[in-house]
Amino acid sequence: MIEPYIELDDVSFAYERCAPVIGGLSLKLYKEQFTAITGPNGSGKTTLGKIMTGILRPQKGCVIICGRDSAGMKLGEIGQRIGYLFQNPGLQIFAPSVQEEISFALGLKGCSKEEIDSRVSRSLRDFDLTNLSDAFPFKLSRGEKQRLAIAAVLVNKPDFLILDEPTTGLDMERRRALSDILLGLKEKGIGMAVISHDRVFIDRLADRTIKMHGGEIVEDRT
Ligand SMILES: Nc1ncnc2c1ncn2[C@@H]1O[C@H](COP(=O)(O)OP(=O)(O)O)[C@@H](O)[C@H]1O
Ligand SMILES: [Mg+2]
C-alpha cells in the first residue's frame, strides 16, 4: 500500500448547536482498497462522507487529500478528484434534462463537443438512460434519479468515489448492473468508499469493511 488517498486525523464534527456526531476519528483510505462503510442509522456515516469531500469542515482535526491539508482546498478543487453521490440523489440533480445533467460538468471543464457527446452517450448506455435522455429529471422515479446521479458523478472520471447508499431505490437487476460498473472502475484503479447496508452488494465489492457506531469506528476489517 502506498500513500493514503484520503486521511482523517483526529477529526471531530458537530452540527451547529448540537452535540458532536463525530468524535476524534482517524482513518486512512487507500485507492487500492474498495472500502465499505456500514453501521446503524444515525451512526455518522453520511456526516463522515461529507467531511471526506469537504462539504462539511471539521471543527477539530484535519482531512488530508493526496497529501495536502484540504482546509486550504476549495470545494471545486476537491470535487475534481473525489466524486460524491448524496444519500438523496434528488439533492444533486438540477439540469432541465437527463443528458444535460450528465454533460453539464464536462462543458465546464471545456471538453470538446465530440468528447462530450461520446462520453454522454456512453454514460446513458451504461446506466440504461438512453430512452430518457430528454426527460425532465424531476419526473424520474427514485431508481432512475439514482442512476442519473451516479452517471453524472462518474462521467467526470474522478480518481476516488464516495457513494452514500447507492443501491437505494434500485431493483436486483440494477444493483447487479451498478455493482458490475463499480467492479470495472475498481479494475481501472479508481478508489472507492461506499456507504451501504446492502450486504450482497458490499460482499461482492469490498476489500475492507468499516463499521461505525455513535460517530466512532467500532470495527475495521480487511
Ligand atoms: N443537518 C443536521 N443537523 C443536525 N444534526 C444532524 C444533521 N444531519 C445529521 N444530524 C445528526 O447527526 C447524526 C449522524 O447522522 P448521519 O451522519 O446522517 O448518520 P447516518 O448516515 O449513519 O445515518 C444523527 O444523530 C443525526 O440526527
Ligand atoms: Mg446516512
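Everything that follows concerns the structure shown earlier in this document.
Our subject in this report is the structure included herewith. Given the structure is predicted, the values throughout are model-derived calculations rather than measurements.

### Some points on the site of ligand 1
Right, on to step 1. Lining the immediate surroundings of ligand 1 are Tyr15, Val21, Pro40, Asn41, Gly42, Ser43, Gly44, Lys45, Thr46 and Thr47.
Right, on to step 2. In the environment of ligand 1, an oxygen atom lies 2.7 Å from a nitrogen or oxygen atom belonging to the backbone of Gly42.
Right, on to step 3. Here Thr46 contributes a side-chain N or O atom positioned 2.8 Å from an oxygen atom of ligand 1.
Right, on to step 4. Protein coverage of the free-state accessible area of ligand 1, which is 560 Å², stands at 59%.
Right, on to step 5. Top element by residues in the shell around ligand 1 is helix H1 (residues 45-52). It accounts for 3 residues.
Right, on to step 6. Residue composition of the shell around ligand 1, by class: 3 nonpolar, 6 polar and 1 charged.

### So, the coordination of the magnesium ion (ligand 2)
When four donors bind a metal tetrahedrally, each ideal donor-metal-donor angle is 109.5 degrees, and when six bind octahedrally, the ideal angles are 90 or 180 degrees.
Right, on to step 1. Within the first shell, the magnesium ion (ligand 2) binds the protein through Thr46 (OG1) and Gln87 (OE1), at distances of 2.0 to 2.3 Å. Here Gln87 lies in the loop between strand S6 (82-85) and helix H3 (98-109) and Thr46 lies in helix H1, a separation of 41 residues in the sequence.
Right, on to step 2. Its relative accessible area of 22% is what places Thr46 among the partly exposed residues.

### So, the packing of H3 against helix H5 (residues 142-154)
Right, on to step 1. Here H3 crosses H5 at 25 degrees, and the two axes come no closer than 8 Å. Of the possible angle classes, the one that applies to H3 and H5 is roughly parallel. The hand of the H3/H5 crossing is right-handed. Counted together, Val98, Glu101 and Ile102 of H3 and Leu148, Ala151 and Ala152 of H5 form the full contact between these two elements.
Right, on to step 2. Taken together, the residues of the contact of H3 with H5 break down into 5 nonpolar, no polar and 1 charged.

### A closer look at the pairing of strand S9 (residues 208-213)
Right, on to step 1. Relative to S9, strand S3 (residues 35-38) is paired through 4 bridges, and the arrangement is parallel. Across the sheet, residue Ala36 finds its bridge partner in S9, namely Thr209.
Right, on to step 2. Pairing geometry for S9 and strand S10 (residues 216-221), over 5 bridges, is antiparallel. Considered in S10, the bridge of Lys211 is made with Glu219.
Right, on to step 3. Where S9 folds back on S10, the antiparallel hairpin that results is connected by 2 residues, among which Gly214 adopts a positive phi of roughly 55 degrees.

### A closer look at the sheet that holds S6
Right, on to step 1. With mixed pairing, 6 strands are arranged side by side in an open sheet as S6-S7-S8-S3-S9-S10. What marks the edges here is a single partner per strand, and that holds for S6 and S10. On average, each strand axis in the sheet is tilted by 15 degrees relative to the strand beside it, whichever way the strands run.
Right, on to step 2. Sheet topology note: the S6/strand S7 (residues 160-164) ladder contains 4 bridges and is parallel. Looking at S7, one finds that Leu85 is bridged to Leu163.

### Topic: the layout of surface pockets
Right, on to step 1. The space that makes up the largest pocket amounts to roughly 820 Å³.
Right, on to step 2. Lining of the largest pocket is provided by 25 residues; of these, Gly79, Tyr84, Ala105, Ala152 and Asn156 occupy positions nearest its centre.
Right, on to step 3. Every element with two or more residues in the lining of the largest pocket is listed here: helix H2 (75-81), S6, H3 and H5.
Right, on to step 4. By residue class, the composition of the lining of the largest pocket is 16 nonpolar, 7 polar and 2 charged.

Quick notes on the rules
Throughout, a residue's number is its position along its own chain's written sequence, starting from 1. Chain letters and ligand numbers both follow the written order, the letters beginning at A and the numbers at 1. Totals for whole chains, interfaces and linings use every residue, but because this is a predicted model, local features are given only for residues with pLDDT of at least 70 and side-chain atom pairs only at 80 or more, for both listing and counting. Excluding hydrogens and water, the side-chain figures rest on all heavy atoms present in the structure. Working definition: residue near molecule or strand if any one of its non-hydrogen atoms lies within 4 Å of it. Whenever two N or O atoms come within 3.5 Å, that pair is a polar contact, provided that in protein one can donate a hydrogen and the other can accept it, and provided that, for residues adjacent in sequence, both atoms are side-chain atoms. Note that accessible areas follow from Shrake-Rupley with a 1.4 Å probe, and for residues the cover is restricted to the protein chains shown. The helix count covers DSSP runs of H or I at least four residues long, the strand count covers runs of E at least two residues long, and both are numbered beginning at the N terminus. When residue character is reported, Ala, Val, Leu, Ile, Met, Phe, Trp, Tyr, Cys and Pro are called nonpolar, Asp, Glu, Lys and Arg charged, and the others, Gly included, polar. Only N, O and S atoms count as donors, using a 2.8 Å cut-off from the metal and 3.2 Å for Na, K and Ca, and because water is excluded some sites may appear unfinished. Exposure is judged per residue with a 1.4 Å probe applied to protein chains only, and the accessible area is read against the type maximum: over 50% gives exposed, under 20% gives buried, and values in between give partly exposed. In this analysis an axis means a line fitted to C-alpha atoms, helices contributing only their contacting stretch, and an angle means the value between N-to-C directions, from 0 to 180 degrees. Roughly parallel means an angle under 35 degrees; roughly antiparallel means over 145; roughly perpendicular covers 65 to 115; every other angle is labelled oblique. Left-handed describes a crossing whose near helix is turned anticlockwise from the far helix through less than a right angle; right-handed describes the clockwise counterpart. Every residue pair with non-hydrogen atoms within 4.5 Å of one another is taken to be in contact. One bridge is not enough; two strands pair if DSSP finds at least two bridges between them. Detection works on a 1 Å grid of protein atoms alone, calling trapped sets that fit a 1.4 Å probe cavities and calling open sets with protein on both sides within 12 Å along at least five of seven lines pockets, with lining residues defined by an atom within 4 Å of a point. Grid points are joined across faces, edges and corners, and a volume is the space filled by probe spheres set on the points.

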